[in-house]
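Observations on the three-dimensional arrangement
Here's the letter readout for the chains.
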There are 2 protein chains.
Amino acid sequence: MIKIIVDAMGGDRSPVVNVKGVVKAINNIKDVKIVLVGDANQLTPLLNAEKFDGARLEIIHASEVIDCNEKPTEAIKNKKDSSMSKGYELLRTDDESRAFVSLGSTGALLAGAVLRVGRIKGIKRPAFCPILPTMDGKIVGICDSGANVDCDPLWLQQFAVTGSLYMRKAYGVQCPRVALLNVGTEEEKGDALRKQTYELLKNTPSINFVGNMEARELLSGEYDLVVCDGFSGNILLKSTEGACMGLMKLLKKSMMSSFKSKLGALLIKNKMYEIKDMMDYNNYGGAVLLGTAKTVIKGHGASKAEAVYQCIKQAYDMEANGLREAIAAEMENA
Amino acid sequence: MIKIIVDAMGGDRSPVVNVKGVVKAINNIKDVKIVLVGDANQLTPLLNAEKFDGARLEIIHASEVIDCNEKPTEAIKNKKDSSMSKGYELLRTDDESRAFVSLGSTGALLAGAVLRVGRIKGIKRPAFCPILPTMDGKIVGICDSGANVDCDPLWLQQFAVTGSLYMRKAYGVQCPRVALLNVGTEEEKGDALRKQTYELLKNTPSINFVGNMEARELLSGEYDLVVCDGFSGNILLKSTEGACMGLMKLLKKSMMSSFKSKLGALLIKNKMYEIKDMMDYNNYGGAVLLGTAKTVIKGHGASKAEAVYQCIKQAYDMEANGLREAIAAEMENA
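These numbers were taken from a predicted model, which means no experiment stands behind them.

This paragraph deals with the interface of chain B and chain A. Between chain B and chain A, the contact holds 51 residues from the first and 51 residues from the second. Summed over both partners, the interface of chain B with chain A buries about 4,500 Å², with 72% contributed by carbon and sulfur atoms. Run the count over chain B and chain A and you get four salt bridges. Close ionic contact of Lys238 of chain A with Glu214 of chain B constitutes a salt bridge, the shortest N to O distance being 2.3 Å. At the junction of chain B and chain A, the tally comes to eleven residue pairs in polar contact (both at pLDDT 80 or more). Secondary structure elements with two or more residues in the side of chain B that touches chain A: helix 7 (192-202), helix 8 (230-255) and helix 9 (259-279) of chain B. Residue contributions to the side of chain B that touches chain A peak at 20 residues, all from helix 8 of chain B. Partitioning the side of chain B that touches chain A into residue classes produces 25 nonpolar, 16 polar and ten charged.

This is the structure we're talking about:
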């Protein structure tokens, strides 16, 4: 049995989507056990309306929620009865609890991971690694996407190693093609951080380093993992998301602007849905925090039930396939 | 009369598009004079096929072209008979020549600007400022988009000042809303560079600083100028471009995959072209290098004739509206 703690609060549609996602996980994954942390007064009626194996669900009441606008470290330290603090407290003290999934404040989740969970021995800094769909129907990981805005080359080298293990253990990508995000593909390109990191990656035998990648190639399907500092990773992730969403909105608006185009829109509706579905982050789980002593996953604040389920499945797969142990072994050999 | 030097070579479709763009400029702008630098053997027959006021065109023969794969500084220094080197040599020595437009190697163009043209007094580093269309039909500038990968906060402050003047003088945006590219909107967000830059921008009276901007808001129309270091600006620009182009390609492929959707595609074709046209960088000129002693504009390597024309028009507008003088005056007051 793999025990996973789920923060019931903190997302835009919490706790409704969290409950539905948890129920789907219990029904679909036969050896998962969930601890749901949140306001029991809200959770009980929602759970009563669902059918699932109650023996594999535990509820821990938490009366407060950490807000996205609160100072992360202070919130984790002071808001003791918040769902996130209580979830982390359980993760820290209960040996059986192996992972924590939350849609709440990214900053607080990161602060909690550092303060309450700690790192795998040898890991310099944990890093977020979200997954994006590529234009050829595959996926690409971005590591780090925002946990560390000021980075050292050695940290980026570790992101490459842990990210490669993640792509292998969680998604079955056997020999992940690792690229360094840069302003050009030539070896000598970039700032001081990139030049030093390139040298390190070139000389890291445990990864399949394929060189620099320009930002416009992110969705090309040519790369499985993109390594970057958390600042530029965040820019890469959010500008890609922003451009795709903006363009889809523009298309929709444009197609509704005449009778002829409305008719056309009707005929291509299914294809548009296919693309929207393919691009929907709800289908790709959350951003895992790589390098922490226990598994931590950040789901998108706007997640639907499917995304919550995918985050739980992701945590389950990582644990079932021994990702943390693999990272620990790699760190010992380094 | 405003005299502008145009590099006839160096783009993917040079010199054909350069010649057509130059002819359009001479025909549309009555007081522009063009010096076209490139292989006369190729240029003469192309020009003979066009109708324009020949008195406003001069050709300077250059037998070589600087390649995108050459080392920039060495290429500018050693390839004396290349169109770019000769163009810069004229810009440097001829008082009447006010601007240089090229579709060639970005690195070489930047090296040439530094080595041959120099900076306006007080400018710490010239910066590229390309323009993107926003989802509401306006435009947004990104400064710096790649000239300076390692940056100092004071440089970013200057990018904000010169970029604001550019948006005003070249595009008539009276009070440009300036944002700092960051990983979140709150004042305390970001790395050391962002925190220091935020303080500086807040205390720069000559700009309209509206705070931090997340990458996903780039095309929202809420901002007129985004200030960033050249590394993250490059990521921002290229990932936006890559996502938009990738998505359009995916849509096209998807719509061609069934009879029904093909019919639908036919009905929305005009709307799709409208959007493609709106997003087409050919209509927005090139990336100006702000802060150089004479105007330098980098057009996209894949530019068509329209883009070459827009680059020339952009150079013309900047000169006609006294952008360089305005920057010099601002630097004197700083």
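Ile4, Ile34, Leu36 and Tyr166 of chain A are the most contacted members of the largest nonpolar core, which has 64 residues in total. Beyond its immediate sequence surroundings of up to four residues, Ile4 of chain A is in contact with Val32, Lys33, Ile34, Val35, Ala99, Val101, Ile312, Ala315 and Tyr316 of chain A. Counting 63 residues, the second-largest nonpolar core is a separate cluster that includes Val101, Cys143, Leu180 and Leu323 of chain B.

Before going further, it helps to examine the sheet that holds strand 1 (residues 2-7) of chain B. Residue and element names in this part refer to chain B. If you trace the seven strands from one edge of the open sheet to the other, you get 3-2-1-4-12-11-5, paired in mixed fashion. Either end of the sheet is taken by a strand with one partner, and the two such strands are strand 3 (57-61) and strand 5 (127-129). Going from strand to strand, the sheet's axes swing by 25 degrees on average, the running direction of each strand aside. The pairing of strand 2 (residues 32-38) with strand 3 spans five bridges and is classified as parallel. Paired with Gly38 across the bridge in strand 3 is His61.

Residue and element names in this part refer to chain B. Examined bridge by bridge, strand 8 (residues 177-181) and strand 9 (residues 208-213) share five bridges and lie parallel to one another. The residue of strand 9 that forms the bridge with Val178 is Phe209. As a crossover connection, the stretch from strand 8 through helix 7 into strand 9 is right-handed.

As a further point, take the relation of the copies chain B and chain A. Take chain B, turn it by 180 degrees, move it 0.0 Å along the axis, and it overlays chain A with an RMSD of 0.0 Å. These values place the two chain copies in the arrangement generated by a two-fold rotation axis. Of every C-alpha in chain B, the one belonging to Gly264 of chain B sits nearest the axis of rotation, 2.0 Å from it. Comparing contact sets, 100% of the residues at the interface of chain B also lie at the interface in chain A, consistent with an isologous, same-surface contact.

A few words on unusual backbone geometry. Of note, the amide linkage connecting Ser14 of chain A to Pro15 of chain A takes the cis form, showing an omega dihedral of 0 degrees. The residue Pro15 of chain A is located in the loop between strand 1 (2-7) and helix 1 (16-28) in this model.

Applying the stated criterion across every chain yields a total of six aromatic pairs over all chains. Geometrically, the ring pair formed by Tyr198 of chain A and Phe209 of chain A is edge-to-face, given 5.1 Å between the ring centres and 80 degrees between the ring planes. Taken together, the residues Tyr198 of chain A in helix 7 (residues 192-202) and Phe209 of chain A in strand 9 (residues 208-213) connect sequence positions eleven residues apart. Comparing Tyr198 of chain A with Phe209 of chain A, the two get one shared label, buried. Looking at Arg194 of chain A, its charged tip hangs above the ring of Phe231 of chain B, at a distance of 3.7 Å from the centre.

Attention shifts here to the sheet that holds strand 7 (residues 139-143) of chain B. Residues and elements named next belong to chain B. A sheet is described by the order of its strands in space; here five strands give the open sequence 6-7-10-8-9, paired in mixed fashion. The open sheet terminates on both sides in strands that have one partner only, identified here as strand 6 (131-133) and strand 9. Across this sheet, the average inter-strand angle for adjacent strands is 30 degrees, counted without regard to direction. Helix-sheet contacts for helix 6 (residues 153-171) involve strand 6, strand 7, strand 8 and strand 10 (225-227), and the interaxial angle to strand 10 is about 165 degrees. Across the face of the sheet, helix 8 comes into contact with strand 6, strand 7, strand 8 and strand 10 while running at roughly 145 degrees to strand 7.

All names here are of chain B. The contact between helix 4 (residues 83-93) and helix 5 (residues 106-117) brings their axes to 10 Å, and the two run at 30 degrees. The orientation of helix 4 relative to helix 5 falls into the category roughly parallel. In the crossing of helix 4 with helix 5, the sense of the turn from one axis to the other is right-handed. Taken together, the residues of helix 5 that come into contact with helix 4 (itself represented by Met84, Tyr88, Glu89, Leu91 and Arg92) are Ala108, Leu109, Gly112, Ala113, Arg116 and Val117.

This paragraph deals with the pattern of salt bridges. Tallied over the entire structure, the rule returns 40 salt bridges over all chains. With a shortest N-O distance of 2.7 Å, Glu306 of chain B and Lys24 of chain B are connected by a salt bridge. Highlighted residues: Glu306 of chain B in helix 10 (residues 305-320) and Lys24 of chain B in helix 1 (residues 16-28), separated in sequence by 282 residues. Given a relative accessible area of 33%, Lys24 of chain B falls into the partly exposed group. Linked through salt bridges whose partners overlap, the residues forming this network are Glu214 and Arg216 of chain A together with Lys238 and Glu241 of chain B.

Definitions and cut-offs
- Residues numbered from 1 in each chain as written.
- Chains lettered and ligands numbered in written order.
- Predicted model: local features only at pLDDT ≥ 70, side-chain atom pairs only at ≥ 80, totals over all residues.
- Heavy atoms only, no water.
- Contact = heavy atoms within 4.5 Å.
- Buried area = accessible area lost by both parts, 1.4 Å probe.
- Salt bridge = Lys/Arg side-chain N within 4 Å of Asp/Glu carboxyl O.
- Polar contact = N/O pair within 3.5 Å; in protein donor to acceptor, adjacent residues only side chain to side chain.
- Helix = DSSP H or I, 4+ residues; strand = E, 2+ residues; numbered from the N terminus.
- Nonpolar A, V, L, I, M, F, W, Y, C, P; charged D, E, K, R; others polar.
- Core = buried A, V, L, I, M, F, W, Y, C linked by side-chain atoms within 4.5 Å.
- Buried < 20%, exposed > 50% of the residue type's maximum accessible area, 1.4 Å probe, protein only.
- Pairing = 2+ DSSP bridges.
- Axes fitted to C-alpha atoms, helices over the stretch in contact; angles between N-to-C directions.
- Right-handed = clockwise from strand over helix to strand, strands pointing away.
- Least-squares fit on C-alpha atoms with pLDDT ≥ 70 in both.
- Phe/Tyr/Trp six-rings, centres within 6.5 Å; stacked < 30°, edge-to-face > 60°.
- Lys NZ or Arg CZ within 6 Å of the ring centre and 35° of its normal.
- Parallel < 35°, antiparallel > 145°, perpendicular 65-115°, else oblique.
- Left-handed = near helix turned anticlockwise from the far one by under 90°.

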